[in-house]
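This is what each chain is made of:
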Amino acid sequence: MMGDIENILQAGMFNSVAETLENMAFMEVEHAAASPSSAEEGVGVSLLIHDPVQWELTLSMPKQMIFDIASAVYAMPEEELSEELLQDILAEILNTVAGRFLSEILLPSETFTLGLPEPCPHGCPADEPPLLVWNFAADGLPFGLHATGSSLEGLQNRLKAHIKPRD
Amino acid sequence: MKRIVIADDSYTARMFIRRCLEIVGFQDAQFVEATNGKEALALIKEEPTDLLVTDLNMPVMDGETLLKWVKANPRLNELPVLVVTSAGNPAKEAELHKIGAFAILNKPINPPALSAALLPLQEKS
């Protein structure tokens, strides 16, 4: 049963990230085996899911990837992108991904509540072991998400029975 | 000239919404931006407004509360409110329509979806 839930959460997150980055920036997302290297200069942002689970969801992305998104979506040259703007772009991506993820995995009758994205300028180290980790890559650049917080059991009976992963 | 108020706490989201609106035919509109529902409410009280585009998840006053304030005010309740959110699902959308949202779009929005959502409004004018 727990394995089924994890499969739904993995497929749900992949679909949400792939749809968000494809719609926003025409980027093609793929699964990656490993998390982004700590040597990679990255930016992080986290967001609380208040209901139906109590999780902190964190997204970390290399700066170069955010530059690429800013250029594709907002036609912004790299030199005009302040740290604040990079955080804002990443926060908007996480906000969108989190909402899509919960819509994707939860039954249509279930509502959810999200907090506001918060930046972690020097990366977002997990202060507890993550419940779930998702590693992806887009245009050759690795990025990842992880969730910490309450167990997966709060999701039982609220999830869709199956989610078809995108091709 | 149409006056459009965009409420979203993210600068890049406001910019993206504005660009999409310009693409679908509102390039001559006057855009006014707010970072939360309270600011947006003050802006639409201040001058006649043709469209309010709001996010749901914002600090100080969220988009759902803003929608309730607009629809409860006899001077403002005819204002079309487009909700652009990442926190939408069928149950939430039904709730927002019941309160009086004109249309609801999930983020990230795109010009075709925005154009289809605003078509009744453009036909009316």
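Above: the structure in question.
A short tour of the structure in this document, coming up. (Residues numbered from 1 in each chain as written. Chains lettered and ligands numbered in written order. Predicted model: local features only at pLDDT ≥ 70, side-chain atom pairs only at ≥ 80, totals over all residues. Heavy atoms only, no water.)

### A word on the nonpolar core
Of all hydrophobic cores here, the largest spans 81 residues; its most connected members are Leu21, Trp55, Met61, Ile69, Phe143 and Leu145 of chain A together with Leu21 of chain B. Looking at which element gives the most residues to this core, the answer is helix α3 (residues 83-105) of chain A, with 12 residues. The residues contacting Leu21 of chain A, other than those within four sequence positions of it, are Phe26, Met27, Val29, Met61, Met65, Ile69, Ile93 and Phe143 of chain A. (Core = buried A, V, L, I, M, F, W, Y, C linked by side-chain atoms within 4.5 Å. Buried < 20%, exposed > 50% of the residue type's maximum accessible area, 1.4 Å probe, protein only. Helix = DSSP H or I, 4+ residues; strand = E, 2+ residues; numbered from the N terminus. Contact = heavy atoms within 4.5 Å.)

### A short note on helix α3 (residues 63-72) of chain B
All names here are of chain B. What α3 keeps buried is the set Gly63, Glu64, Leu66, Leu67 and Val70. Along the axis of α3, the buried positions cluster into a sector of 155°, meaning they face one direction only. Buried residues along α3 sit against β1 (3-7), α2 (37-46), β3 (51-54), β4 (81-85) and α4 (90-99). Sitting at the amino-terminal end of α3 is Asp62, which places a side-chain oxygen 3.1 Å from the backbone nitrogen of Glu64. (Arc of directions from axis to C-beta. Polar contact = N/O pair within 3.5 Å; in protein donor to acceptor, adjacent residues only side chain to side chain.)

### Focus on the interface of chain A and chain B
Contacts between chain A and chain B engage 24 residues on the former and 22 residues on the latter. For the pair chain A and chain B, the summed buried surface comes to about 1,900 Å²; carbon and sulfur atoms form 57% of the total. When the buried area of chain A at its contact with chain B is split by residue, Tyr74, Glu92 and Leu116 of chain A rank highest and sum to 27% of it. In this assembly, chain A and chain B are joined by 1 salt bridge. The salt bridge involving Lys107 of chain B is made with Glu92 of chain A; its shortest N-O contact spans 2.8 Å. Counting across the interface, chain A meets chain B through 9 residue pairs in polar contact (both at pLDDT 80 or more). If you list the elements that add at least two residues to the side of chain A that touches chain B, you get α1 (2-25), α2 (63-74) and α3 of chain A. At 9 residues, the largest contribution of residues to the side of chain A that touches chain B is made by α3 of chain A. (Buried area = accessible area lost by both parts, 1.4 Å probe. Salt bridge = Lys/Arg side-chain N within 4 Å of Asp/Glu carboxyl O.)

### So, the layout of surface pockets
Put simply, the second largest pocket is a space of about 280 Å³. What lines the second largest pocket is a set of 16 residues, among which Gln87, Asp88 and Ala91 of chain A together with Asp9 and Ser10 of chain B lie closest to the centre. Taken together, the elements giving at least two residues each to the lining of the second largest pocket come down to α3 and β5 (118-120) of chain A. Counting residues per element, the lining of the second largest pocket draws most heavily on α3 of chain A, at 7 residues. Its residues placed into classes, the lining of the second largest pocket shows 6 nonpolar, 5 polar and 5 charged. (1 Å grid on protein atoms, 1.4 Å probe; cavity = no way out; pocket = protein on both sides within 12 Å on 5 of 7 lines; lining within 4 Å. Points joined across faces, edges and corners; volume = space filled by probe spheres on them. Nonpolar A, V, L, I, M, F, W, Y, C, P; charged D, E, K, R; others polar.)

### Concerning empty space enclosed by the protein
On inspection of all chains with the given rule, the structure shows 2 cavities of 30 Å³ or more. Its volume calculated, the largest cavity comes out at about 90 Å³. Lining the largest cavity are Met24, Tyr74, Glu92 and Thr96 of chain A together with Ala13, Phe16, Ile17, Val84, Lys107, Pro108 and Ile109 of chain B. When contributions to the lining of the largest cavity are tallied by element, the ones reaching two or more residues are α3 of chain A together with α1 (11-26) of chain B. If you tally residues by element for the lining of the largest cavity, the top one is α1 of chain B, at 3 residues. Here the residues of the lining of the largest cavity are counted per class, giving 8 nonpolar, 1 polar and 2 charged. In terms of lining residues, the second largest cavity is bounded by Val17, Leu21, Leu59, Met61, Ile93, Val97, Phe143 and Leu145 of chain A.

### Looking at the sheet that holds strand β5 (residues 103-106) of chain B
All names here are of chain B. Across the sheet, 5 strands lie side by side as β2-β1-β3-β4-β5; this open sheet has parallel pairing. Either end of the sheet is taken by a strand with one partner, and the two such strands are β2 (30-34) and β5. Pairs of neighbouring strands in the sheet enclose a mean axial angle of 20°, with direction left out of account. Here 5 bridges tie β1 to β2, and the two strands are oriented parallel to one another. Bridged to Ile4 within β2 is Phe31. Its contacts with the sheet place α3 against β1, β3 and β4, and it is angled at close to 160° to β3. (Pairing = 2+ DSSP bridges. Axes fitted to C-alpha atoms, helices over the stretch in contact; angles between N-to-C directions.)

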